[in-house]
Amino acid sequence: MGMTVQEILALANEVAEQSHDMNIAVKGGGGARLLPEGYAYCRLVEYIEFGMQPQEYNGKAKDPALEFQLGFALYDTADRKYQNDDGTPYIIRPYSMAMSANEKARSFLLFKALNWQGKFRHFGQLLTQPFLAKIVHEAKSKTDAKIVSRLDLKGFLPPLDAVSGMPLPVPEARPEDLKAFFWDRPDKATFDSFYQEGKWDDGRSKNVIQETMLSATDFAGSPLQQLLMSSGITALPTAPAAPPVAPA
């Protein structure tokens, strides 16, 4: 059994106290389906750190950086349907990104938008918080014209009525949807929950999250390695894994 909501948020607060305050800039350079375009009610329900991962810019290698991925639970609005047919929220996950307080970095700008109340200093503390998320349609890639729905990371808004300023009726996050994994404070049950058996049609492993963590440049000697070793796991994958990708 994984951590409770209270345990996740308490751990997020502990991690935040020991981490860089994401409010301070650093100067310098579910099954996929097409969702309706527009704004959806949402809550942040997943925050997963993958350890230090290789980075590049314009084809040139950069220093490794801590990568993380967010997951948002989407809920129906009065005129648009986002939830699954069984009434559960649809979980949408943007591409993983590098943690950076650079004033131009995607993660810094995203945190600034999500932390609209100015109450928090770390993404983990935003778990369960409500937002308005902008869903857009775009081509899957430069080489694949298939239209998919994705989050506009620059389009988040406070969950407030535009006229009255009153809070919108965003459903509460379900405890079973919450998932958090902090690289320096790993939890074995949560790590185990990431396991996915099998391969995709192109031969790639489905167990992307675990394999990405195990391929981190700082995995050796990390709290996660120590946790796994103490659990009796001695044979670990070492081949680099592709970074997690957003749902099509």
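## Section: the overall build of the protein chain
Alright, step 1. The secondary structure content of the protein chain amounts to 5 helices and 7 strands.
Alright, step 2. Secondary structure elements of the protein chain occur, N-terminal to C-terminal, as α-β-β-β-β-α-β-β-β-α-α-α.
Alright, step 3. Every one of the 248 residues in the protein chain was classed for burial, and the buried ones make up 43%.
Alright, step 4. Carbon and sulfur atoms provide 53% of the accessible area of the protein chain, an area that totals close to 13,300 Å².

## Things to note about the pairing of strand β1 (residues 38-57)
Alright, step 1. Within β1, 15 of the 20 residues are buried, which leaves the element mostly enclosed by the surrounding structure.
Alright, step 2. Of the pairings in the sheet, the one linking β1 to strand β5 (residues 130-139) comprises 6 bridges and is antiparallel in character. Its bridge partner being in β5, Y41 is matched across the sheet by L132.
Alright, step 3. With 14 bridges connecting them, β1 and strand β2 (residues 60-75) associate as antiparallel partners. Looking across to β2, one finds that Q53 is bridged to A65.
Alright, step 4. Linking β1 back to β2 in an antiparallel pair, the connection comprises 2 residues, with N58 at a positive phi of about 55°.
Alright, step 5. In terms of strand pairing, β1 meets strand β7 (residues 179-181) through 3 bridges, oriented parallel.

## Some details on helix α2 (residues 106-114)
Alright, step 1. All of the buried residues along α2 are S107, F108, L110, F111 and L114. Looking straight down α2, one finds its buried side chains confined to an arc of 165°; they lie on one side.
Alright, step 2. On its buried face, α2 is in contact with β2, β4 (97-98) and β5.

## A short note on the pattern of salt bridges
Alright, step 1. As enumerated under the stated definition, the model contains 9 salt bridges in all.
Alright, step 2. Between E46 and R93 there is a salt bridge whose closest N-O contact spans 2.8 Å. Here E46 is found in strand β1, whereas its partner R93 is found in the loop between β3 (90-92) and β4, with 47 residues between them in sequence.
Alright, step 3. Using a relative accessible area of 7% as the deciding quantity, one classes E46 as buried.
Alright, step 4. Here the residues in one salt-bridge network are R174, E176 and D177, joined through shared partners.

## Digging into the nonpolar core
Alright, step 1. Within the largest apolar cluster, 42 residues are counted, with the highest numbers of intra-cluster contacts made by L70, F72, L74, L114, F123 and F156.
Alright, step 2. Among the secondary structure elements, those contributing two or more residues to this core are α1 (5-18), β1, β2, β3, α2 and β5.
Alright, step 3. Counting residues in hydrophobic clusters, the runner-up holds 12 residues, among them W183, F191, A216 and L224.

## Brief notes about the confidence of the model for the protein chain
Alright, step 1. When the pLDDT values of the protein chain are averaged, the result is 88; 87% of them are 70 or greater.
Alright, step 2. Mean pLDDT across the elements of the protein chain bottoms out in α1 (76) and peaks in β7 (97).
Alright, step 3. Note on residues 26-31: pLDDT is under 50 here. Beyond four places in sequence and across chains, it has 15 contacts.

## Quick word on the packing of aromatic side chains
Alright, step 1. Within this structure, the stated rule accounts for 9 aromatic pairs.
Alright, step 2. With a centroid separation of 5.7 Å and 40° between ring planes, the pair formed by Y47 and F68 is classed as tilted. Here the residue Y47 occupies a position in strand β1, and F68 occupies one in strand β2, the gap between them amounting to 21 residues.
Alright, step 3. Taking the relative accessible area as the measure of exposure, Y47 reaches 0% and is therefore buried.
Alright, step 4. Measuring from centroid to centroid gives 5.0 Å for F72 and F156, while their planes differ by 35°, and the two rings are tilted. Placement of F72 in strand β2 and of F156 in the loop between β6 (147-151) and β7 is noted, with a sequence separation of 84 residues between them. In this structure, F72 and F156 share a single accessibility class: buried.
Alright, step 5. Here a set of aromatic residues connected by ring pairs shows up, and it is made of Y47, F68, F111, F123 and F182.
Alright, step 6. Positioned above the aromatic ring of W200, the side-chain terminus of K206 is 4.8 Å from the ring centre.

## Section: the side chain of T88
Alright, step 1. Topologically, T88 is positioned in the loop between β2 and β3.
Alright, step 2. Here T88 falls in the buried class, since its relative accessible area comes to 18%.
Alright, step 3. At 2.6 Å, the side chain of T88 forms a polar contact with the side chain of D86.
Alright, step 4. Excluding residues within four positions of it along the chain, T88 makes contact with Q83 and R174.

Cut-off values and rules
Residues numbered from 1 in each chain as written. Predicted model: local features only at pLDDT ≥ 70, side-chain atom pairs only at ≥ 80, totals over all residues. Heavy atoms only, no water. Helix = DSSP H or I, 4+ residues; strand = E, 2+ residues; numbered from the N terminus. Buried < 20%, exposed > 50% of the residue type's maximum accessible area, 1.4 Å probe, protein only. Areas by Shrake-Rupley, 256 points an atom, 1.4 Å probe, with all protein chains shown as cover. Pairing = 2+ DSSP bridges. Arc of directions from axis to C-beta. Contact = heavy atoms within 4.5 Å. Salt bridge = Lys/Arg side-chain N within 4 Å of Asp/Glu carboxyl O. Core = buried A, V, L, I, M, F, W, Y, C linked by side-chain atoms within 4.5 Å. pLDDT = per-residue confidence, 0-100. Phe/Tyr/Trp six-rings, centres within 6.5 Å; stacked < 30°, edge-to-face > 60°. Lys NZ or Arg CZ within 6 Å of the ring centre and 35° of its normal. Polar contact = N/O pair within 3.5 Å; in protein donor to acceptor, adjacent residues only side chain to side chain.

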